[in-house]
Each structure stands twice: as C-alpha cells, then as structure tokens.
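Overview (structure and organization)
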Amino acid sequence: MRKGYFSLVLHAHLPYIRHREAHRLEERWMYEAISETYIPLLWEIDRLERPLGWTISISPPVIEMLADSLIQDRYVEHLDDTLRLIEQELQRDLGNEERDALLFYKERYHDLKVTFEHWGRNLNSAFRHYKEQGYLELMTCTATHGFSPHMLSEQAARSEIQTGLNCFERHYGYRPTGLWMPECAYTPGLDKIMYEEGIRYTFVDEHSILNADPAPKHGIGAPVYSPHGVALFPRDQIISGRIWSSVIGYPGHPDYREFYRDLAYDREWDQIAEFMHPEGLRYDTGLKLHRVTGESDQKEYYVRDWAWKRTDVHATDFAEALANHLDEQSAQDFPPFLVTAPFDAELFGHWWFEGPDFLGKTMERFEDYGIESISPAMFLERHFQDIETVHIAMGTWGRKGYADVWINERNDWMIRHLHQLEKRLAGVVARNRHQDELTVKAKRQLIREYLLAVSSDWPFILDGQTTAQYAANRFREHIKRFEETERRLDAQELTLDWLEERYAEYPFLADTDIEPDVFLTPHDYYVAVQREVSWNSEAILLVTTQYDDSNRPVAEYAKRLAASGENVYVITSGTAGYQHQDGVHVYQVEVNGLPLVQTYNQLAGLNLAVLRQAQALNKIVEFRLVHNFNMETASAAQSFAEMNGLPLVSNVYDLESERSPSGTGGLVVAIKRLEGEALRHSDVIYLEREEARNGIEHDYHVAKELRTFQVDLENPYQHVMNPKKNG
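Quick summary incoming for the structure in this document.

Cut-offs and rules
- Residues numbered from 1 in each chain as written.
- Predicted model: local features only at pLDDT ≥ 70, side-chain atom pairs only at ≥ 80, totals over all residues.
- Heavy atoms only, no water.
- Phe/Tyr/Trp six-rings, centres within 6.5 Å; stacked < 30°, edge-to-face > 60°.
- Helix = DSSP H or I, 4+ residues; strand = E, 2+ residues; numbered from the N terminus.
- Lys NZ or Arg CZ within 6 Å of the ring centre and 35° of its normal.
- Salt bridge = Lys/Arg side-chain N within 4 Å of Asp/Glu carboxyl O.
- Buried < 20%, exposed > 50% of the residue type's maximum accessible area, 1.4 Å probe, protein only.
- Pairing = 2+ DSSP bridges.
- Right-handed = clockwise from strand over helix to strand, strands pointing away.
- Core = buried A, V, L, I, M, F, W, Y, C linked by side-chain atoms within 4.5 Å.
- Contact = heavy atoms within 4.5 Å.
- Axes fitted to C-alpha atoms, helices over the stretch in contact; angles between N-to-C directions.
- Parallel < 35°, antiparallel > 145°, perpendicular 65-115°, else oblique.
- Nonpolar A, V, L, I, M, F, W, Y, C, P; charged D, E, K, R; others polar.

Structural notes on the packing of aromatic side chains
On inspection of all chains with the given rule, the structure shows 45 aromatic pairs. Ring geometry for Tyr-450 and Phe-519: centres 5.5 Å apart, planes at 90°, overall edge-to-face. Placement of the pair is Tyr-450 in helix H15 (residues 437-453) and Phe-519 in the loop between helix H18 (496-505) and helix H19 (522-530), with a sequence separation of 69 residues. Here the aromatic cluster, defined as three or more aromatic residues joined through ring pairs, consists of Phe-6, Trp-244, Tyr-250, Tyr-256, Phe-318, Phe-343, Phe-348, Trp-352, Phe-358 and Phe-366. Over the face of the ring belonging to Tyr-195 we find Arg-200, whose NZ or CZ atom lies 3.9 Å from the ring centre. The lysine or arginine in question, Lys-288, covers the ring of Phe-259, its NZ or CZ lying 4.9 Å from the ring centre.

Written as structure tokens, this is what we have:
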C-alpha cells in the first residue's frame, strides 16, 4: 500500500423545487438527478460491494424530495413516459447507431425503475443501507444551502445548521459528525456554532488553507483545526481539476455522451408533442443520442461500448497520476499526505454521463496501484493528534475564491431583504414568548419561509442567468409569505387551518426539525425563558466604549447598581456577544462592513452599532433612562434617549478640547459639535474629573449644575427629571 490517502466527497444538492401543481419544469431537475446521478452512483456502490472510503453529503432539500410520495409517484410516471417514448422511437425507420443508442436507453430506464421500486421509491433507504453496510459515510449540509458569510446574525447561521442536522437525523436515524457548508464557505466564528452543534469536520477550498495564519506546515496535504476544534479539509484543486477541468479534464473526450443534444430538439413537434409540456414547450427528454465527437455542431451517435471502455482508460490514467502525486509527497509524516477531492455529486452522471462508471472503475484501479481511499471521519480517527490549529479567513470555492458569485450587480438586492427577515424573526420570537400551539407553529412557519428564501441557489441562478425568473419569483414569494404570516400573527388572525394550508404548499421540513426559538439571542433566551416577565421593565441602559476599563469604573458601578436591585443593561464595544455578569446584562457590539479608516467614520459606525443594539433591546425591555459614559458613544445615547422619550445622563471624563488642545480642523469641529449636542440634551451631567468643568461651561455653554461622579453614589438618578424609579 502506498503512503498517503485519497478522499472522495460528493455533495448531492438541488434547491427545493417541489410544487403541488403538476408539470412544473423545475421538478424535472430532480428526475434528472435521480436518473443520471443518484441511482447510477448506487449501482456502482452495489457493484463494488465493499468499503469505498467515499463520503456522500445529501442536502435536506434532496432528502425531503426523495422522501416525498408526490415526487416519487411523478418520477415513476416520468420513467413510464420515457419508456413509451423510446418504444415509439424504435418504431421509426432508424439507422443502426441511432437504434443501438435507443436500445441502450430502453434497458437503462427499465433498470432505473426496477432499482427505484426495489428501494420502496425512497432512495434515502438505499443510501442508509449502504452506510449501515460500511460501504460509505453519509453527512448533510445546512437546511437550505444558505450562504453563511452573508448572514447577519449568529442565530441565522445556527438555524441553518441546526435545522439541517435535525432533518437528516429524522430521515437517517443518527446525527452526522461532518457537515458540508454550502459553497465550501467558511467565516471565522462559524466553527464555534458547528462545534456546539456536534460537527467535527467540514471542507474549505485550498486557498483558505494556504493563506492561513500561521501557515500550516503541510499546506493542503492535511486538514487543520479551526480555533474551536473543527477539522477543515482543503480541496486539492490540481487533482480535482484533473477530473473536471474544462481544459484537461476527462468529460470532454469525444467518446462520451454529449450533454447539450437531446432528442426533443431533433424531432418535428407533431412527433414529440405528446411527451412535451402541455403548454407547448419543448424540454429535454433525457434521451441524448449523440456523443461529444468534437468542437463542431456535427455530432456522431453515442456508442455505449466506446464510452464504457474509455472510462477504463481514464480511470487508469487518474490512478497512475494520483499514485505519482502521493509518491512525490511521501516524505510527509504525522499525518501522511491526504488528497481531498470534493465535488458536486450531480457533476457525475448528470453533466458527465459516464462519471459514476469512472468513479467505480477508479476504485478498482486504486487496488492495482496500492492507493487507500479514506473518509475524513476515518482520517480523523487515525490522525487526530497530528493536526495543526490555525486561523483561516473567509473563503469559498466559488468564482475568484470568495463571494463574487453570491453578491454582484445581478443579485445583491436580495441581501437587504434577508437581513430584514433575520431582524424581524428575532423580534417575533422575542415578542411571542407564549408557547401555545398556534404561536409555536406560526414561529416555525416563519422560520421555514426564511430558510426557503435564504437558499444560495437563488443568487447563484441569478448570477448565471439560466432560469433567473424562477429564482427571483421563488425568493420574492417566500418574502411575501413571511410577511403575510407575520402580519396575521401580530393581528391575531392566524388559525391552525391557515398555517397547515401554508405548509402544504411547500411541505419542506417537519415541524420537529425547526426549533421555534432558534432566533432568540442568548439574552432574549434569558429574558424569554429563564426570567420572570416582570423583570423586563424599569431598566437602566449604560453605554460605554470599554466596560472593564480600569481607568473608568463602569463595571464596578454597574455591578453595584445590580446588587442594589436595579435591572442593568450595558452596551459596549468589542467582539459581538452577550454575557450576564454579576447581575448585569453586557452586550458587546462591533462595527461591521468595510474598514473605516477615518476617525469620524469609525465613530459613526460605532454609534450606529450601539443604536441598533439598543433598539433591538427596546423591543423586549422597558428602559427608564440612558446613562452614557463616553463622548465616543454620545450620539447613540442621545438619539436613543430622544427617540424613546427617556432621560439622558452623561459622564464626562475629558473633552475634545483637552484631547486635541491645538486641533482646529474639520474633524475636531465635528466631534466638538457632537459632544456639545449630547451635553446640552443631558438631564444630568456627572464629572469624573473636575478639570472638565471649565470646558463644559465655556466651550459648550452648558448652564446645568455639574455634579461629581463617584462609584458609590447614593441615589445616582435622584436628579433625573421625572424618573420612574430612584436607584
């Protein structure tokens, strides 16, 4: 056996394209995938009848559609129609080559039907069977293939991951330890959610590993651990490209089946009309009778024997190239060199008709060349102790390696709608903490609509401009369905019948797959589940740039207030998150978006983040005053207080005139204007340093009585006008 490993990972995914009405063109995507990819792969797994080291990821939309009796019945009708079409064609006056190609399809479609019926029309049973036999590993991906780097909140990413795993577990009876992240997209922090949900490995593209910090010593020859302990397996582009490259890849050989030439377009309409769409549309029959042949439009007829033998040649070529590659890397130890080759499963069979044959024969050649095929799970079991921990940045396997496919001039309009849904979901679950059956069902339906809208397939299709109208319509439809459900929930107009009818239109995911409160933030969860509702009122909001700054006793002051019985919330800057410390709710916010180089822009970004967080809190907590501790956050504190009619208390440590005594530029003027506005709108001003008194009175012409601040102030808010409660 050669030193080193090869790992094949196939990801089976389609968007959820099941429709209640018949004759939807998009549903044929599922029929094609079953006929050309899923069943042919099962044939190869069954033929080889041994552990293969393959890993197959089956996405929840595919799992759900495979298990759907409506699609199962329609697929059998599709097979019967195709067999009738083949019989009709065979009655025609045909040349020998064309007749032979049709006879090949006649036998193949018959075999497809036999296999489909053998597994009770549910191919999930087949994949589960071969998993239980130990022939392959199975895993899944997120609920609807949402593009995680574009999600606004941790809760949205968790809903995709958690719901996808729940769906897989319901159908397959166990929870996988591997997860395919859509588009191999990774962002720092995502690994924390995955680890908390029980995921131990996923996949990234090779540039993510090569640009890691620190650079891993084995490059792409081994996985790495993320900071939270999730193993990241890198795609080997050279080896993958050898199979699939448009320049050097195998599928373009003249002997293989031509994808773009279908019998439907070679016949007069009256010869084929019975098998086309009732509205008079032509679509592919799946009977592609020609081979690639060459670059011209002139195509020769498909000769199955030639294609079958060609896969022998290409399987041998690939095994030999891989063996040489592993030999060149044989100096690597701890762990030995690993080639990871992840692909979309539908590339094999649907796009490259002979792909499943090639994969099966490649496994046979591996035995001749002494190459071990291994799953990522098995690799980790053997070599978990030999893996480095590094930091990698955001990356995908899409065009240019990042997010170019999923955000560009054709699809960027979608993101703002998705971000709005995330925010509204957080509000809905926080506002509707009642756990009656109708409310819980409504929250699940809202999350279902969000998940169906967030699918990465819609921006992907818009980017490619193939069936763009369908993708845009589906996206808008789920936005509208979300809004209608939310409106009825708020107006108390929902009924169980209405919700069940909504579900029946897109019966994707069982209710048990969806955690109704997944969009609750940790704080919202605390408020909604763990704390009495009466505690959500009469709260004090403290705003500061640094909560634990030893020079400013904000933390000490907040804890003392909480100990005295006050309900204290703090918004401060830092890595986004929430903690409940010594009775104080501490929210950290960070400035998202493009790097803000200029000081004034940084201040604006910080204040927007603070204000956004305060407004989100205001939906579930009733505040009685705002207390701001830094001039950097004065704008947000002032705006929030004004918008909600709350008293504003300000602490002053120093002023811009002290920080920049000789400054006269526009930036200094702008900051002084902000400071002055906040101080003039403050009900109470506390001085942390007596030296600031002169500046407040003379620079800003504030005539209020200035008070001295101390951590242990007695009744610190007794001077606030009309306070609802004294501290």
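What follows picks up the thread again.
A look at the pattern of salt bridges
Summed over all chains, the structure comprises 61 salt bridges. Note that Glu-258 is salt-bridged to Lys-299, the shortest N-O span being 3.4 Å. Pair noted here: Glu-258 is in the loop between helix H9 (237-244) and helix H10 (269-272) and Lys-299 is in the loop between H10 and helix H11 (304-328), with a separation of 41 residues, a long-range link. Judged by relative accessible area, Glu-258 falls into the buried class, the value being 10%. For the salt bridge of Glu-677 with Arg-680, the shortest nitrogen-to-oxygen distance reads 3.6 Å. Of this pair, Glu-677 and Arg-680 both sit in helix H24 (residues 666-680), separated by 3 residues, roughly a single helical turn. For Glu-677, a relative accessible area of 32% corresponds to the partly exposed category. A residue is classified by how much of its surface remains accessible, and Arg-680, at 38% relative accessible area, is partly exposed.

Considering the pairing of strand E11 (residues 567-573)
Within E11, 6 of the 7 residues are buried, which leaves it mostly tucked inside the rest of the structure. Here strand E10 (residues 539-543) runs beside E11; their pairing, made up of 5 bridges, is parallel. Each residue of the ladder has a partner; that of Leu-541, found in E11, is Tyr-569. Read from E10 through helix H20 (residues 554-563) to E11, the crossover connection turns out right-handed.

Considering the nonpolar core
One recurring pattern in soluble globular proteins: nonpolar side chains tend to sit buried together. If you look at the biggest cluster of nonpolar residues, it comprises 170 residues, and the most contacted ones within it are Phe-6, Met-30, Tyr-38, Leu-123 and Tyr-450. Counting residues per element, this core draws most heavily on helix H1 (residues 28-48), which supplies 10 residues. With residues up to four places along the chain from it excluded, the contact list for Phe-6 reads Ile-239, Phe-318, Leu-322, Leu-338, Val-339, Ala-341, Phe-366, Ile-371, Glu-372, Ser-373 and Ile-374.

Description of the side chain of Glu-89
Among the structural elements, Glu-89 can be located in helix H3 (residues 69-90). Overall, Glu-89 belongs to the buried group, its relative accessible area being 0%. For Glu-89, the residues in contact, after removing those within four places along its chain, are Leu-94, Leu-102, Leu-263 and Arg-267.

Here we look at the sheet that holds E11
Pairing is mixed in the open sheet, where 8 strands are placed in the order E12-E13-E11-E10-E14-E15-E16-E17. Edge positions in the sheet fall to strand E12 (577-581) and strand E17 (706-708), since each has one partner strand and no second. Taking the axes of each pair of neighbouring strands and ignoring which way they run, one obtains an average angle of 25° across the sheet. Relative to strand E15 (residues 648-652), strand E14 (residues 623-628) is paired through 3 bridges, and the arrangement is parallel. Bridging across to E15, Asn-628 finds its partner in Ser-650. The sheet strands contacting helix H25 (residues 692-699) are E15, strand E16 (684-687) and E17, and the helix crosses E16 at an angle near 145°.

Looking at the sheet that holds strand E6 (residues 224-225)
Taken together, the 3 strands give an open sheet; going across it, the order is E5-E7-E6, and neighbouring strands pair in mixed fashion. Each of the sheet's edge strands pairs with one partner strand only, and the pair in question is strand E5 (201-204) and E6. Pairing between E5 and strand E7 (residues 231-234): 4 bridges, direction parallel. Residue pairing for E7: Thr-202 is matched across the bridge by Leu-232.

Notes on the packing of H1 against H3
With their axes 10 Å apart at the nearest point, H1 and H3 run at an angle of 75° to one another. If you check the angle between H1 and H3, you find them roughly perpendicular. Residues Arg-28, Met-30, Tyr-31, Ile-34, Ser-35 and Ile-39 of H1 lie in contact with H3, whose contacting residues are Ile-71, Arg-74, Tyr-75, His-78 and Leu-79. Split by residue class, the contact of H1 with H3 holds 7 nonpolar, 2 polar and 2 charged.

Structural notes on unusual backbone geometry
Here the amide bond leading from Asp-213 into Pro-214 is cis, since omega sits at -5°, within 30 degrees of zero. Look at His-23: it is not a glycine, yet its phi comes out positive at around 65°. As for its placement among the helices and strands, His-23 is situated in the loop between strand E1 (5-12) and H1. Positive phi outside glycine occurs at His-701, with the angle close to 55°. Along the chain, His-701 falls in the loop between H25 and E17. Judged by relative accessible area, His-701 falls into the exposed class, the value being 63%.

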